[in-house]
Amino acid sequence: MPCRMVGSGAGATRAGARRCQQRCVERCCPTTRHANRLLIPIAVEVDEELRGKYLTVSSPVKFSDFTPHITGAPLLGEHSSQVLTELGYTATQITDMAAAHTIRTQ
């Protein structure tokens with residue numbers, strides 16, 4: 001079900017967005033109305049060295065004995081060399097592609 005609160009303007013600030021999100025989850029999602037259902041944050045704040053703090057998607061499920069460690073997505077080119085090596089490219093070929101700006105490596 002789409003959010004009924006999108007047009008309310010409550011999400012103008014980060015705190016307002018969180019309040020809007022919480023109200024949306026409580027009002028719009030029928031699964032959150034069940035007495036045994038624990039509310040799970042939809043978004044969590046991640047603090048990364050290069051990107052700083054930003055919101056990303058939380059784990060969609062909650063386990064009693066497991067708390068997931070949420071991290072951000074890989075940076076552009078972070079795994080390029082590893083993936084190309086697994087595909088059979090040599091280190092020289094990967095270096096040549098990076099030098100020609102065909103790929104980005106970190």
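Here, the structure is the one placed above.
Residues numbered from 1 in each chain as written. Predicted model: local features only at pLDDT ≥ 70, side-chain atom pairs only at ≥ 80, totals over all residues. Heavy atoms only, no water.

Q: Give me the pairing of strand 1 (residues 43-48): which residues, what numbers.
A: The side chains of a regular strand alternate between the sheet's two faces. As paired elements, strand 1 and strand 2 (residues 52-57) share six bridges and run antiparallel to each other. Bridged to Ala43 within strand 2 is Val57. (Pairing = 2+ DSSP bridges. Helix = DSSP H or I, 4+ residues; strand = E, 2+ residues; numbered from the N terminus.)

Q: Describe a nonpolar patch on the surface, listing the residues and the values that go with them.
A: Together, Val61, Phe63 and Phe66 give the surface a local cluster of nonpolar side chains, amounting to about 310 Å² of exposed area. Take Phe66: it is sitting in the loop between strand 2 and helix 2 (80-86). The exposure class of Phe66 is partly exposed, given its relative accessible area of 47%. (Patch = residues over 30% accessible without salt bridge, like charges linked within 9 Å, V, L, I, M, F, W, Y side chains within 5 Å. Areas by Shrake-Rupley, 256 points an atom, 1.4 Å probe, with all protein chains shown as cover. Salt bridge = Lys/Arg side-chain N within 4 Å of Asp/Glu carboxyl O. Buried < 20%, exposed > 50% of the residue type's maximum accessible area, 1.4 Å probe, protein only.)

Q: Talk me through the pattern of salt bridges; I want residue IDs and the actual numbers.
A: This model, assessed by the stated rule, comprises one salt bridge. For Glu48, the salt bridge is made with Arg51, and the minimal N-O distance between the two is 3.3 Å.

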